[in-house]
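Commentary on secondary and tertiary structure
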Amino acid sequence: MPRAAAPAPVATPPVDHGAGRDGGRRSAVLPGIVAPVVGAALAFGGLARAWYLWREPLNADEAVVGLAARRILQGHLVAFYPGQHYGGVEPYLVAVLFAVLGSSAFVLRLVPVLLTALSGVLLWRVARRLSGVAELAVLAAACFWAAPQAAVWNSTLEYGFRGVTMACGLALLLLTLRVTARREPGWELAAVGFVGGVGWWSSPEIAYFAVPAGLWLAAWLARHRRRGGLQGEPRCGLPGEPRGELSGELSGELSGEPGGRLRGRLPAGLRGRLAPWLAVAAACWAVGALPWLWDNVGSGFVSLRPGGYYVPASAPGYLGRLGDVFRGAVPLLLDLRVPASGAWAVPAVVAEAAMAATAVALAGCARRCLARRGPGPALVAGVVACPFLLALVPGVWLWRSGRYSVFLVPLALLVAVAGLDAGARRGRRQAGGRPRRGARAWPGRLRRRASPGAPGRVARVAVGAASGVLALAVAGSALVLVDTTRVLVPPAAASASAGANGEARAVVRRLESAGVRSGYADYWVAYTLDFFGRGRLQIADSPPSPDRLPGLQAAVRAAPADRQAWLFVTPTPRAMAQFAASPVIQGPSGLPERAFEARLRAMGVAFRRLDLGPVDAVLPARRVSFAAVGLRPHG
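What comes next concerns the included structure. These figures come from a predicted structure and were not determined experimentally. One numbering rule holds for all chains: residues counted from 1, following each sequence as written. Totals for whole chains, interfaces and linings use every residue, but because this is a predicted model, local features are given only for residues with pLDDT of at least 70 and side-chain atom pairs only at 80 or more, for both listing and counting. Side-chain figures throughout are based on the complete set of non-hydrogen atoms in the structure, without hydrogens or water.

So, on to the overall build of the chain. The secondary structure content of the chain amounts to 23 helices and five strands. Split into buried and exposed, the 635 residues of the chain put 53% on the buried side. Residues are treated as being in contact if the distance between any of their heavy atoms lies within 4.5 Å. In the chain, the share of contacts with a sequence separation of at least 24, taken over all contacts with a separation of at least 6, comes to 74%. For the chain, the exposed surface amounts to about 27,600 Å²; the carbon and sulfur share of it is 64%. The numbering of helices and of strands both runs from the N terminus, where a helix is a DSSP run of H or I of at least 4 residues and a strand a run of E of at least 2. Note on exposure labels: buried denotes an accessible area under 20% of the residue type's maximum, exposed denotes more than 50%, and partly exposed covers the range between, all computed with a 1.4 Å probe on protein chains only. Under the convention used here, a 1.4 Å probe and the Shrake-Rupley method define accessible areas, while residue burial counts only the protein chains that appear.

Now for the pairing of strand S3 (residues 564-569). On a regular strand, each side chain points to the face opposite its neighbour's, so the side chains alternate between the two faces of the sheet. Along S3, six of the six residues are buried, which leaves the element largely enclosed by surrounding structure. Residues Gln-564, Trp-566 and Phe-568 of S3 are buried on one face, and the alternating residues Ala-565, Leu-567 and Val-569, pointing to the opposite face, are buried as well. We call two strands paired when DSSP finds no fewer than two bridges between them. Of the pairings in the sheet, the one linking strand S1 (residues 518-520) to S3 comprises three bridges and is parallel in character. Bridge pairing in S3 links Gly-519 to Ala-565. By the bridge criterion, four bridges tie S3 to strand S5 (residues 615-620) in an arrangement that is antiparallel. Across the sheet, residue Trp-566 finds its bridge partner in S5, namely Val-618.

Here Leu-173 shows up in helix H7 (residues 162-180). Since its relative accessible area comes to 6%, Leu-173 is described here as buried. Sequence-wise, Leu-173 and Pro-375 are 202 residues apart; in three dimensions their C-alpha atoms are separated by 9.7 Å. Not counting chain neighbours up to four residues away, the residues in contact with Leu-173 comprise Val-126, Phe-209, Pro-212, Ala-213, Leu-411 and Leu-414.

Here, patches come from residues exposed beyond 30% relative accessible area and free of salt bridges, joined within 9 Å for like charges and within 5 Å for nonpolar side chains (Val, Leu, Ile, Met, Phe, Trp, Tyr). One speaks of a salt bridge when a side-chain nitrogen belonging to Lys or Arg is within 4 Å of a carboxyl oxygen belonging to Asp or Glu. A cluster of nonpolar residues, Val-96, Val-100 and Leu-101, forms a patch on the protein surface that exposes about 300 Å² of accessible area. Residue position: Val-96 is located in helix H3 (residues 90-101).

Shown next as structure tokens:
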């Protein structure tokens, strides 16, 4: 007897949490509640970034990215951030913007701001696929743009790779969700490989996003291998695109089987299509990560060695860094600590209560995610793994900057969105399937169901709570912004110059007017002056900082002896705010000006001093080496 053909898969209808009695699409919350909160968050995020762009001075780490971008435009290509074996991609974006808008500190910092805006859009798209409530996705993206203040601050600093890493990580999640929404492999799987490769070249920190993406993709591949094909995700939200979690209950209702498995099997021929697509995805990953591979194959994969990262001897080990994550980085991401200084922004009792409330709320959302099928459990695993992966980074001991921990923010927001959506769906099922009290539950007997408007009320509660959390987050970020501005730009420095980099530009002009074109300075001074000198100055740094631009050292050594200046920063609030708030910037390798002059006198070397405002330039009459004054040279 011939075997009956398997029925065709039934298309999953849109899941709408806000449907009213008329069956049409309704907003989960009135626009009068969501729109003002989202608008205020977007406006605050933009104004805060404008303040940082205008008032915070450029630092040497950013200046190195700008110098690398200028060299790229001259044909000198680099794989990584100069002087290290990790951190790439972003200098090329800076070079493109320099070619279009010109080379300046503002354009340099515009790149991470634009990348953050792109990441916000990607976060919205990911959240939109996780939730059938459109407002939840919008609120999550608005929160990402406006809070916490540590993330807002870091999104205006061009460190060479974290903006691209964030965008690639969220794009990886979005593409993974698109892949798992298909019934067979497609171009999205190749795009996953390429984006993952570019993100890996940018920074190994892409692993924070690769963990949930990899877990969900592995589950998809397992189902594909087991059934020879896949049931796509339910469609919910915008027409024409798959949205929402893979709802086993809903697909079970359609197929008549528990757990949502389709009756029968999809064509076995689809199995053969998976292996070629996986090979294409692997090849695309290699293409995206080609600069990383090219540099590491010849160096014994130095990028994977702990020695490839500059870490001071006093830095803590893994357990110490893990403790810093929970004691310092997590409160910083909740706006309970002030970026840059690390001081508490609220009393200890308030901080403990806020952390406890956040932990309970996030745990509740995680519990909802774990109770459902779909990418929710993978996202929970990513959030749980993030602190332990974060502690592997050697530089995370510098948690006060917040630059290492900002990747936890979008992952936590996505777990919150998925958890709230799962709660709304659970409320929808309870509202739609609860029998009338006292009714006999026999076969064929009709049960009274809740009105069609009940599911919308459940979603309105979820979105109303999310709106309140966003308003609270913006208020906390605004309060921390006030304290952050006091730390970054002291009042004396803010009133002394017009513009964030006025002092540095003045030093450059005075050096040029004095005929000085080369010299030595501390790392935080040298590259800042080089950037604003636009090639007219050649100021080299000194140990123990890495030698970022080796050609610069040779150029300074080749300069005339009486034109080699040794630069020393006057430790005043103006000078410290302009370059770096650390006493080690006084002179090359932290050497104070008085000690340097004493050694010159001991060697019988005459010198002259130039007052450049926040910087003094000491010019010896003859060439003086690092070793002659007791300093260790580069190399």
